[in-house]
Amino acid sequence: MRVWHYGDDINTDMLFPGKYTYTCATPDEIRPHLLEDLDAAFAKEVQAGDVIVAGRNFGCGSSREQPVVGLKAVGVAAIVAKGFARIFYRAAINQGLLLIECPEAVEAYKPGATIQIDAAGGTITVQASDAGATPSTFSFPRLPPEIMAICDAGGLLEYTRAKLRARKTA
Amino acid sequence: MGQTFAQKALARAAGLPQVAVGQIVTVKPAHLLTHDNTSAIVGKIDKDLAEFGLISQDLPIIVLDHVIPASDEKTATGHAKVRKFVEKYGVKNFFDIGEGICHQVVVEKGFARPGTILVGSDSHTCSYGAVGAFATGIDRTEAAALLLTGETWLKVPPTIKITLRGRFSKGVGAKDLVLRIIGDIGADGADYAAVEFHGEVANLSVEERFTVANMGVEMGAKIAVFPVDAHTIKYLKAAGVARSAYEPIWADKDATYVRELTYDLAQLQPVVACPHKVDNVKPVGDVAGKKIDQCLLGTCTNGRLSDLREAAAVLKGRRVSPKVRLLVLPASRGVYAAATKDGTLLTLAQAGGVVLPPGCGPCLGAHQGILAPGEACLSTSNRNFKGRMGCKDAEIYLASPATVAASALHGVITDPRKELAAGPRSRVARKPRRAVAASSRVGRPVAADLPVGRRAPKGRVASARRGRGRAAPKAAKPARKSARGKARR
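Note that the structure is predicted; figures quoted are calculated from it, not measured.

Moving on to the overall build of chain B. Within chain B, the secondary structure is distributed over 19 helices and 18 strands. By the burial criterion, 65% of the 489 residues in chain B qualify as buried. Only carbon and sulfur atoms are counted for the fraction: they give 53% of the accessible area of chain B, which is about 17,100 Å².

Written out as structure tokens, the structure is:
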């Protein structure tokens, strides 16, 4: 597991440049351009299970969902930030990508530290790389049950299909 | 306890007597806006549409505007897919390339009505707060689900109250106001919140309110909304929407706010948002003299007739610097036609402007006016993010139409007040503007603003509530269609 560490106001143009918005829609098309104008290493080196740690207002700007679709497709386990922009937040719910709003955990994170996430328990543990450092554990707010149902279904379209089929047979 | 606009609008939409901040409600939006991204949205649910049908032919508003005319085979194929979808499912509200930028089209053609909910797969959907609508951006997947179900969830946001006092002084406008607010509260200063504008809002035309509401998302807001007043009623009437077709909503006097701010418009000065964040706002004097290679006048933020006239007043009879490329992007066909008729576009073209088709063009870096490494652009658009105009090694500065026009003359960022004081006065600028009931005699009057597009068909205007029957593919058997319609009501 690798932690990718970024600052405040990481906008969706940085996560996925607008010039590709109308030519790339599938995960395979999106992947090579992920974080292209922010961190050229990301698309080449990201692996399933990696975590992104960032500051305030992550995902601000355009409503384009390619960043979320792409980050989910490459297997990013979670994004931990001090805050998220609202359209990005909804997009993550709709794709079933775990977002953790936990300013304390972001403050506690220093380069080299490792992060462990217990999604079910709602806790995040930051372990500094220094020998003998004690891990810090923080709890984060869970989504309301009606919204968790969307994530649990595997995303909004799966949730919607199940709902429509149930209505059809009712 | 008093309720905010957001509480009242969401309670009405959800059919509840009242709602609390933080409550999640299920709503059926009056309209869903999508644009070039309709092809990707529909692509997610091709099979589902075949199985379940489109929920309503009237729900979607589809406007092709982001990459128009198509820039290559791939975008052309996307447009073709959208046209096929429109044809197959009988989508009523479709606007092909050239009609305008989606947000301008939605307001100009009377789709955005006070007190109703609109969502769109574009972040600047918040613009419709200019006419008192609850309007907010969503992602493509949510838009796809809405085409199937017609409903979504919204969390009732807390609200920030911004009170406006006085009038803008010469050379200062709505763009300076909204950039000043974003500079003050930050790019996430209104995250998840609704922003209500109170006070002497009558001193802002509907077009000016559009500029302010448009940039609500740049402060993180879910919605940015103005009260409905005589300006709004007149504007909507000209757009073909009778006063009887909507019921405005506004906040109670004792509503609860999380934050309150007041701005004296007369005290504002021209400002510039510097690279690479919209909240990096400085007085124009702090960046005056900065060399620029391109100017962009227009977009959904500042591409209306009053914006183009504001720039033309500065550029009339003059020529932009030979070292600057001035791109002019009218917000719609209606704006284009009106600006052609009154000579504004001729003034801009003779000054050296390159007039582009009404669309999003260079703003998002997809095509038209891409920047080269090392170049700087001064733009009336809403975002100055790194890479936004197609090149990560270029710089984007944001300002008002007056500042952009004044700067284009000299090839460097320039305070527009100097040009307005010194430059030859244009016919446009001399034309007397009809002032509205003024609470203050200081400052410039409100510019007359009326939608300039084609009026909405009478039938649509007359009915406040429209049928929401599910639309099946045209090929579907009639029996199946009616059975499904019944089951879903």
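All right, on to the pattern of salt bridges then. This model, assessed by the stated rule, comprises 30 salt bridges over all chains. Across the pair Asp342(B) and Arg309(B) runs a salt bridge, and its minimum N-O distance is 2.9 Å. One end of the pair, Asp342(B), is in the loop between helix H13 (333-341) and helix H14 (344-350); the other, Arg309(B), is in helix H12 (residues 305-315), and 33 residues separate them in sequence. Judged by relative accessible area, which is 21%, Arg309(B) ranks as partly exposed. The salt bridge involving Asp415(B) is made with Arg417(B); its shortest N-O contact spans 2.8 Å. By sharing partners, the salt bridges in this structure join Asp13(A), Arg64(A) and Arg388(B) into a single network.

Looking now at the domain arrangement of chain B. All names here are of chain B. Parsing chain B into structural domains produces domain 1 (5-16 + 25-265) and domain 2 (271-422). Computed over C-alpha atoms, the centres of domain 1 and domain 2 are 24 Å apart. Every contact between the two is made by 33 residues of domain 1 and, on the other side, 40 residues of domain 2. Taking both sides of the interface into account, the surface hidden between domain 1 and domain 2 amounts to around 3,000 Å²; carbon and sulfur atoms contribute 57%. Seen at the junction of domain 1 and domain 2, the total is two salt bridges. At the boundary of domain 1 and domain 2, one finds 19 residue pairs in polar contact (both at pLDDT 80 or more). Taken together, the elements giving at least two residues each to the side of domain 1 that touches domain 2 come down to helix H5 (102-108), helix H7 (174-185) and helix H8 (206-214). Among the residues forming the side of domain 1 that touches domain 2, the class breakdown is eleven nonpolar, 13 polar and nine charged.

What follows concerns the sheet that holds strand S9 (residues 194-199) of chain B. Residues and elements named next belong to chain B. Taken together, the four strands give an open sheet; going across it, the order is S10-S9-S8-S11, and neighbouring strands pair in parallel fashion. Every interior strand has two partners, whereas the edge strands, strand S10 (223-225) and strand S11 (259-264), have only one. The mean angle between the axes of side-by-side strands here comes to 20 degrees, regardless of whether they run parallel or antiparallel. Of the strand pairs in this sheet, strand S8 (residues 159-165) and S9 are connected by six bridges, and their pairing is parallel. Residue pairing across strands places Lys161 opposite Glu196, the latter belonging to S9. Against the sheet, H7 contacts S8, S9 and S11, and its axis sits at roughly 140 degrees relative to S11.

Next up on the list: the pairing of strand S5 (residues 117-120) of chain B. All names here are of chain B. Every second residue of S5 is oriented toward a common face, with Ile117 and Val119 on one face and Leu118 and Gly120 on the other, all of them buried. Pairing of strand S2 (residues 31-34) with S5 involves three bridges; the strand directions are parallel. Within S5, the position partnered with His31 by the bridge is Leu118. As defined by bridge partners, S5 adjoins strand S6 (residues 134-137) across four bridges and the pair is classed as parallel. Pairing of Gly120 across the sheet is with Gly137, part of S6.

Attention shifts here to the interface of chain B and chain A. Across the contact, 53 residues belong to chain B and 45 residues belong to chain A. Counting the surface lost from both chain B and chain A, the interface buries some 4,200 Å², and carbon and sulfur atoms represent 53% of this. Considering only the side of chain B, the residues that lose the most area to chain A are Arg140(B), Trp153(B) and Tyr192(B), jointly responsible for 16% of the buried surface there. On the surface where chain B and chain A come into contact, there are eleven salt bridges. A salt bridge links Arg388(B) to Asp13(A), with the shortest nitrogen-to-oxygen separation between them at 3.2 Å. Our enumeration of links across chain B and chain A arrives at 27 residue pairs in polar contact (both at pLDDT 80 or more). Contributions of two or more residues to the side of chain B that touches chain A are made by helix H2 (38-44), helix H3 (46-52), helix H4 (73-89), S6, helix H6 (140-149) and strand S7 (152-155) of chain B. With seven residues, H6(B) is the single largest residue contributor to the side of chain B that touches chain A. Across the side of chain B that touches chain A, the residue classes break down as 17 nonpolar, 15 polar and 21 charged.

All names here are of chain B. Judged by how many residues are buried, helix H15 (residues 401-410) sits mostly within the fold: nine of ten residues are covered. Taken residue by residue, H15 has Pro401, Ala402, Thr403, Val404, Ala405, Ala406, Ser407, Ala408 and Leu409 as its buried positions. Positive phi appears at Gly411, one or two residues downstream of H15, with a value of about 75 degrees.

Quick look at the sheet that holds strand S3 (residues 60-63) of chain B now. All names here are of chain B. With parallel pairing, the five strands of this open sheet are ordered in space as S4-S3-S2-S5-S6. Both edges of this open sheet fall to strand S4 (93-95) and S6, since each of them pairs with a single strand only. Within the sheet, the average angular offset between the axes of one strand and its neighbour, ignoring direction, is 15 degrees.

A few words on unusual backbone geometry. Cis geometry is adopted by the peptide bond preceding Pro69(B), which originates at Ile68(B) and carries an omega value of -20 degrees. As for its placement among the helices and strands, Pro69(B) is situated in the loop between S3 and H4. At the junction of Pro275(B) and His276(B), the peptide bond is cis and its omega measures out at -10 degrees in the coordinates. Relative to the assigned elements, His276(B) resides in the loop between strand S12 (271-273) and strand S13 (281-283). A positive phi angle, close to 55 degrees, is found at Asp9(A), a residue other than glycine. Tracing the backbone shows Asp9(A) in the loop between strand S1 (3-5) and helix H1 (12-15).

It is worth spelling out the packing of helix H8 (residues 156-169) of chain A against H6(B) at this point. Running from N to C, H8(A) and H6(B) point in directions that differ by 10 degrees, and their axes come no closer than 9 Å. One finds that H8(A) runs roughly parallel with respect to H6(B). Contacts between H8(A) and H6(B) pair Leu156(A), Leu157(A), Thr160(A), Lys163(A) and Leu164(A) from the former with Thr141(B), Glu142(B), Ala144(B), Ala145(B), Leu148(B) and Thr149(B) from the latter. Of the residues in the contact of H8(A) with H6(B), the class split is six nonpolar, three polar and two charged.

Attention now goes to the layout of surface pockets. Residues and elements named next belong to chain A. Approximately 720 Å³ is the volume attributed to the second largest pocket. Looking at the lining of the second largest pocket, the element that brings in the most residues is helix H5 (residues 86-95), giving five residues. Per-class residue counts for the lining of the second largest pocket are 22 nonpolar, two polar and six charged.

Definitions and cut-offs
Residues numbered from 1 in each chain as written. Chains lettered and ligands numbered in written order. Predicted model: local features only at pLDDT ≥ 70, side-chain atom pairs only at ≥ 80, totals over all residues. Heavy atoms only, no water. Helix = DSSP H or I, 4+ residues; strand = E, 2+ residues; numbered from the N terminus. Buried < 20%, exposed > 50% of the residue type's maximum accessible area, 1.4 Å probe, protein only. Areas by Shrake-Rupley, 256 points an atom, 1.4 Å probe, with all protein chains shown as cover. Salt bridge = Lys/Arg side-chain N within 4 Å of Asp/Glu carboxyl O. Domains from an automatic or database assignment. Contact = heavy atoms within 4.5 Å. Buried area = accessible area lost by both parts, 1.4 Å probe. Polar contact = N/O pair within 3.5 Å; in protein donor to acceptor, adjacent residues only side chain to side chain. Nonpolar A, V, L, I, M, F, W, Y, C, P; charged D, E, K, R; others polar. Pairing = 2+ DSSP bridges. Axes fitted to C-alpha atoms, helices over the stretch in contact; angles between N-to-C directions. Parallel < 35°, antiparallel > 145°, perpendicular 65-115°, else oblique. 1 Å grid on protein atoms, 1.4 Å probe; cavity = no way out; pocket = protein on both sides within 12 Å on 5 of 7 lines; lining within 4 Å. Points joined across faces, edges and corners; volume = space filled by probe spheres on them.

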